[in-house]
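# Descriptive structure summary
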Amino acid sequence: EVDSDGYGQLGSNVSQSSGEFSFSATGIYLIIFNHLGMLNGDDRQVYSAIYTTTNNSSYNIAAETREFIQQTSSSSAMCTGTCFHQFDVTSTTNCKVKFQVDVLNNSTSTLGDTGYTRTGVQFIRLGDT
């Protein structure tokens, strides 16, 4: 969670345990997942995805993005991918979400920062379910 630069929290946050995010209230949520990657070589594909469950057990892919990244000089190259999903959270116990990033070679790193968002997710509660 961003903790600087005028961040404003409205309502209750989601909680996270072992990579699974739980909601504090039911409702319809817009989930936006952004991944920033840095490459020190060639990687033909970077994969980012949102997975959801409505039974607290089996996860299904809800959204994905695939980026092509290629180093064009001796310096590092960057890529970004954004995917989103509108999720109807009917149960705070059973409805959860998790995220995945995968690459074709291990010369790609995921970039993050606590001072500002590089790789991150935003949950926006749109209304009641």
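Here, every reference points to the structure presented above.
Residues numbered from 1 in each chain as written. Predicted model: local features only at pLDDT ≥ 70, side-chain atom pairs only at ≥ 80, totals over all residues. Heavy atoms only, no water.

## Re the environment of Phe-123
For clarity, the threshold we go by: Each helix is a run of DSSP H or I of at least 4 residues and each strand a run of E of at least 2, with the numbering of both proceeding from the N terminus. Should any heavy atoms of two residues lie within 4.5 Å, those residues are counted as being in contact.
By secondary structure assignment, the location of Phe-123 is in strand E9 (residues 120-127). With 38 residues separating them along the chain, Phe-123 and His-85 place their C-alpha atoms 9.9 Å apart. Apart from the residues within four sequence positions on either side, Phe-123 is in contact with Val-14, Phe-21, Phe-23, Tyr-29, Leu-30, Ile-31, Val-97 and Phe-99.

## Concerning unusual backbone geometry
How we decide: Only protein chains enter the accessibility calculation, which uses a 1.4 Å probe; a residue is then buried when its area is under 20% of its type maximum, exposed when over 50%, and partly exposed in between.
We note that Ser-18 has phi near 55 degrees; this positive angle belongs to a residue other than glycine. With respect to the secondary-structure elements, Ser-18 resides in the loop between strand E1 (15-17) and strand E2 (20-22). Exposure remark for Ser-18: the relative accessible area of 75% places this residue in the exposed category. Positive phi, normally seen in glycine, also occurs at Asn-56, with a value near 60 degrees. Along the chain, Asn-56 turns up in the loop between strand E4 (43-53) and strand E5 (60-69). Asn-56 gets classed as partly exposed once you look at its relative accessible area, which sits at 35%.

## A look at the pairing of strand E6 (residues 77-89)
Cut-off, in case you're wondering: Strand pairing follows a simple DSSP-based rule, namely that at least 2 bridges must link the two strands.
Here E6 shows a clear split, with Ala-77, Cys-79, Gly-81, Cys-83, His-85, Phe-87 and Val-89 buried on one side and none of Met-78, Thr-80, Thr-82, Phe-84, Gln-86 and Asp-88 buried on the other. The pairing of strand E3 (residues 27-39) with E6 spans 13 bridges and is classified as antiparallel. In the sheet register, Met-38 faces E6, and the bridge partner there is Met-78.

## Concerning the packing of aromatic side chains
Each aromatic ring pair is described using two quantities: the centre-to-centre distance and the angle formed by the ring planes. Where we set the bar: Within 6.5 Å between ring centres, the rings of Phe, Tyr and Trp (the latter by its six-membered ring) count as paired, and their orientation is classed by plane angle as stacked under 30 degrees, edge-to-face over 60, tilted in between. For a Lys NZ or an Arg CZ to count as sitting over a ring, it must be within 6 Å of the ring centre and within 35 degrees of the ring normal.
Across all of its chains, the model carries 7 aromatic pairs by this definition. With a centroid separation of 4.6 Å and an interplanar angle of 50 degrees, the aromatic rings of Phe-23 and Tyr-29 are classed as tilted. Arranged with centres 4.9 Å apart and planes meeting at 40 degrees, the rings of Phe-33 and Phe-99 form a pair that is tilted. Of this pair, Phe-33 sits in strand E3 while Phe-99 sits in strand E7 (residues 96-103), and the two are 66 residues apart along the sequence. Looking at Phe-33, the relative accessible area reads 6%, which means it is buried. Accessibility expressed as a relative area gives 21% for Phe-99, which makes it partly exposed. By the ring-pair criterion, three or more aromatic residues cluster together here, those being Phe-21, Phe-23, Tyr-29, Phe-33, Phe-87, Phe-99 and Phe-123. A cation over an aromatic ring shows up here: Lys-98 above the ring of Tyr-59, its NZ or CZ 4.2 Å from the ring centre.

All quantities given are derived from atomic positions and should not be read as evidence of function.
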